Amino acid sequence: CFDVTENCQIFRIFELPHQLADIRDSKFTLVNPSKYNDRYENPLLNKVCFDETGESFTLNGVVGHFYLSPWTFDPVENPFSWPLYTRNCLGIRIKSTVGKIMDEMLNLDNSFYMLHFYAGTIDYYEKEDIDKWLSESPCTDFLDSLWQLSVSSLMALRNKFSDEKEIRFVFRHVPANTENS
């Protein structure tokens, strides 16, 4: 986890039919950030990098396999959030803790679970500061053996979303048939 405690209370508005389906199917749905159609949701996706020979490459093989579940740590319910997060469908607001969500996400049968699950609060920046950070940082600044540096890029959003007071759960999933591609 990044900068969160397991007893931190969190909240999320869900579309009721989707939440009921997850409960029925014993699932915890996460979304690939590319679904948001906002390059700042996964800022390293399609970032062009260069190796020491000048050959170009991207980090898409790493960052294209991240899936998110956004929550808020703001206990105050914002009435304007309902139509945004339910798309004007029937919805439900759930209260939980970071620990409860992580307990559900972590599978001790998977000996590599620590390499795949993350949680952290979002830091908010001006768009120009994010662009500068990305343009001035070499790709190696986002690579480590536990993927934490790559995940940290998902924990930076533009100031215009700061009222969301977001905390994110991130899961890295690489289907078995694409692990070596």
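Residues numbered from 1 in each chain as written. Predicted model: local features only at pLDDT ≥ 70, side-chain atom pairs only at ≥ 80, totals over all residues. Heavy atoms only, no water.

## A word on unusual backbone geometry
Just so we agree on the cut-off: Numbering of helices and strands runs from the N terminus; a helix is a DSSP stretch of H or I covering at least four residues, while a strand is a stretch of E covering at least two.
Here S26, not a glycine, exhibits a phi torsion of approximately 55 degrees, which is positive. Here S26 is to be found in the loop between α1 (16–25) and β2 (48–50). Within the chain, N88 stands out as a residue other than glycine whose phi angle is a positive 65 degrees. Among the structural elements, N88 can be located in the loop between α3 (81–86) and β5 (91–97).

## Some points on helix α4 (residues 98–105)
We apply this condition: Burial status follows relative accessibility: with a 1.4 Å probe on protein chains alone, a residue under 20% of its type maximum counts as buried, one over 50% as exposed, and anything between as partly exposed. The directions from the helix axis to the C-beta atoms form the arc being described. We call two residues contacting when some pair of their heavy atoms lies within 4.5 Å.
The set of residues buried in α4 consists of V98, G99, I101, M102 and M105. When α4 is viewed along its axis, its buried side chains cluster within an angular range of 165 degrees and face the same direction. Opposite the buried face of α4, by more than 90 degrees, sit the exposed residues K100, D103 and E104. Buried residues along α4 sit in contact with β1 (9–15), β4 (66–72), β5, β6 (117–121) and β9 (166–172).

## Regarding the packing of aromatic side chains
We apply this condition: Pairs were defined over the aromatic rings of Phe, Tyr and Trp, the Trp ring being its six-membered one, requiring ring centres within 6.5 Å. Orientation was assigned from the angle between planes: stacked under 30 degrees, edge-to-face over 60, tilted for the rest.
For the coordinates displayed, the defined rule picks out four aromatic pairs. For the pair F14 and W71, a centre-to-centre distance of 5.6 Å together with 75 degrees between the ring planes defines the contact as edge-to-face. You can see F14 sitting in strand β1 and its partner W71 sitting in strand β4, a full 57 residues away along the chain. With relative accessibility at 5%, the residue W71 sits in the buried group. Joined through ring pairs, the aromatic side chains of F14, W71 and F169 make up one cluster.

Note that all results are geometric; they support no functional claim without further evidence.
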